[in-house]
Amino acid sequence: MKKKLEYSLKTDLLVCTMLVLVVFVLRIWHIGDADIGNDECFSLYYAQFTPADIIQVLCRGDNPPLWELLLHGWIKVFGFGILSMRLLSLIFSVFTVIPVYLIGKHLPGRCVSMVAGSLYAVSTISIFLSHDGRVYSLVGILAAFSFYFFLLLAERPSLWRWSLWVIVNLLLIYSHYLAWWVVVMEVALWLLVPSVRSGMGKGMLWAFAAMAVLYLPIVPTLIRRFADSGLHGTWIERCHGIDSLYSMLCCFSNAPVTTVLSIALMLSAMVKSLVRIVQRGFVAGPLTWITLMWVVPLLVSFGLSFLVGFFLNRYFYFLVPFYLLSLAAYVEYLFPKRRIPAVVLSVMLVAAMAASVRPDSSRLRYAGWKGDVSAVAKRMNDLKGEEEVTIIAPDWIDKQIVFYLDDKHQAFQSEGTLDEPVFRNYLEQKGYRYECDYQEFDYSACQQVVIAHGNDHNITGILNHLSDHGFQQSQQEVFQQMTLTILTHKQDL
């Protein structure tokens, strides 16, 4: 028995090591390809503040402060920059495969761990968020570890396991507000599943109470943010049809073909479950738990998003580990005693995901806005003259432009400035204007106007306004995701 256990541990260590290496290679490959994103600028800017100021500012806004606090310490050690910031996300993304593998060991089937780990390795959204210097990779690994410790507690509770569960969940809900779904679902499983409730006992009450007390400092912000979003909405559009749910699953599954295959697997597993319930009654095992961990939050959030827009793929990335684990487990569930069909279907699923993976996913618009800002900023700087004005459209790309215009990054490193007008002030001092105030500017002394805008951004209003002031388009320079539209005063043509 001891030799068998040692063999199992060695096998698990070897497989985990291989998975970590594959995940690392796929994620490090294109990590520096894309320019800094708008949301990355947000984190990088606030990470320059003191820890006290980070907490003060972010506890008034949309984001809990944990990520920026971690990033603050990280850049103190490893330096200020895009690659440095993204490496922190990369680390969390790479090591998420470990709890995914460990959770798979608790699900029925021989190969669930290996298949789930392989699916995670070739997950495009996971690769993308490993290239994004934001909180999402951290939320992903914490969500996976939270459920792993939950499974351990369901088997055999102990003080150190309860302590780990509380610590991980505290970090999780201090990272992202929607990550509360993980805690809510675990508590719901404890309440609704007799075997879980009897196994854990009343320890859940004490653990949840301790976590709630330690979360009290941020509760007023949480209530205020949810109330504000409910009353005034968000910048995200509300859902209007089932296509939003399909798009989310497609994002989780890499591509339409793998999405269809995944949905077919889910429906087949559901039909088999219904037949078993009719024949033997309902028994909720680990496969049911892991399914509920992602299905309930996704469907409830989808329904609520018809009222308030927040159904955004990166916000729900913490569900991806549970989703991929479920797909791997469904195959084993459908063919528990027939190894050849199970292996063939597992290989097909992994191969389909691998064939559709995008290691260069930095250029996909999953999070933030990653335009080719560096080349545009350099060209803007080359064109800049005393008798020229540059208009930035849309105005929220100002942080990215400042990052590349300001070689010394002094605007980003201005500690103590607790608001974002620092970017506006920097640009206006250099003679740049914003889309939102282009009508207020006096163009009488200008010979040329340059509009820096996204390729899909409508600048008709600006063009009409400038035409009324004697300007007409003389040149256009198109980059991959941005365009410089140059207008010259008619008297200077």
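Residues numbered from 1 in each chain as written. Predicted model: local features only at pLDDT ≥ 70, side-chain atom pairs only at ≥ 80, totals over all residues. Heavy atoms only, no water.

Novice: Describe the overall build of the chain, with residues and values.
Specialist: Within the chain one finds 23 helices and five strands. The globule rule puts the C-alpha radius of gyration for 493 residues at 23 Å, and the 25 Å found for the chain is close to it. Based on the C-alpha atoms only, the size of the chain along its principal axes is roughly 90 × 45 × 45 Å. Sequence separation of at least 24 residues holds for 77% of the intrachain contacts in the chain that already meet a minimum separation of 6. (Helix = DSSP H or I, 4+ residues; strand = E, 2+ residues; numbered from the N terminus. Rg over C-alpha atoms; globule rule 2.2 N^0.38 Å. Contact = heavy atoms within 4.5 Å.)

Novice: Describe helix α22 (residues 421-429), and please don't skip the residues or the numbers.
Specialist: All of the buried residues in α22 are V422, F423, Y426 and L427. Mapping the buried residues of α22 onto a view down its axis gives an arc of 125°, with all of them on the same face. Summarising the contacts, the buried residues of α22 are in contact with α2 (38-46), β1 (388-393), α21 (398-405) and β2 (432-434). Residue G431 follows α22 closely and has a positive phi angle near 90°. (Buried < 20%, exposed > 50% of the residue type's maximum accessible area, 1.4 Å probe, protein only. Arc of directions from axis to C-beta.)

Novice: I'd love a proper account of α21, names of residues and values included.
Specialist: Of all eight residues in α21, seven are buried; the element is thus mostly enclosed. Of all the residues in α21, the buried ones are D398, K399, Q400, I401, V402, F403 and L405. Contacts made by the buried residues of α21 are with α2, α5 (82-95), α20 (373-383), β1, α22 and β2.

Novice: Account for the side chain of H465, naming residues and giving values.
Specialist: Assignment of secondary structure puts H465 in helix α23 (residues 460-468). Leaving out residues up to four positions away in the same chain, H465 has contacts with Y438, Q439 and Y443.

Novice: A description of a nonpolar patch on the surface should follow, citing residues and the corresponding values.
Specialist: Taken together, the side chains of L267, M270, L274 and I277 present a nonpolar region at the surface, about 370 Å² in accessible area. Relative to the assigned elements, M270 resides in helix α16 (residues 256-280). (Patch = residues over 30% accessible without salt bridge, like charges linked within 9 Å, V, L, I, M, F, W, Y side chains within 5 Å. Areas by Shrake-Rupley, 256 points an atom, 1.4 Å probe, with all protein chains shown as cover. Salt bridge = Lys/Arg side-chain N within 4 Å of Asp/Glu carboxyl O.)

Novice: Please give an account of the packing of aromatic side chains that cites residues and values.
Specialist: Taken as a whole, this structure holds 27 aromatic pairs when the rule is applied. Ring geometry for Y443 and F471: centres 6.2 Å apart, planes at 70°, overall edge-to-face. A residue pair is termed long-range when its members are at least 10 positions apart, and Y443 in the loop between β2 and β3 (448-454) and F471 in strand β4 (residues 471-478) qualify at 28 residues. Y443 sits in the buried class, given a relative accessible area of 2%. Looking at F471, the relative accessible area reads 1%, which means it is buried. Here the aromatic cluster, defined as three or more aromatic residues joined through ring pairs, consists of F302, F306, F310, F311, F316 and F318. One Lys or Arg, K272, reaches over the ring of Y333 and ends 5.0 Å from the middle of that ring. Positioned above the aromatic ring of Y434, the side-chain terminus of R424 is 3.9 Å from the ring centre. (Phe/Tyr/Trp six-rings, centres within 6.5 Å; stacked < 30°, edge-to-face > 60°. Lys NZ or Arg CZ within 6 Å of the ring centre and 35° of its normal.)

Novice: Talk me through the environment of D468; I want residue IDs and the actual numbers.
Specialist: Relative to the elements of secondary structure, D468 occurs in helix α23. Sequence separation of D468 and L267 is 201 residues, and the distance between their C-alpha atoms is 60 Å.

Novice: Can you tell me about the state of the cysteines, naming the residues and giving the values?
Specialist: This model, assessed by the stated rule, comprises zero disulfides. C41 takes part in no disulfide bond, and the closest cysteine sulfur, belonging to C436, lies 17 Å away. The closest cysteine sulfur to the non-disulfide-bonded C251 is located on C250, 7.8 Å from its own sulfur. Judged by its relative accessible area of 4%, C251 is buried. (Disulfide = S-S within 2.5 Å.)

By themselves, these observations are geometric and do not establish any function.
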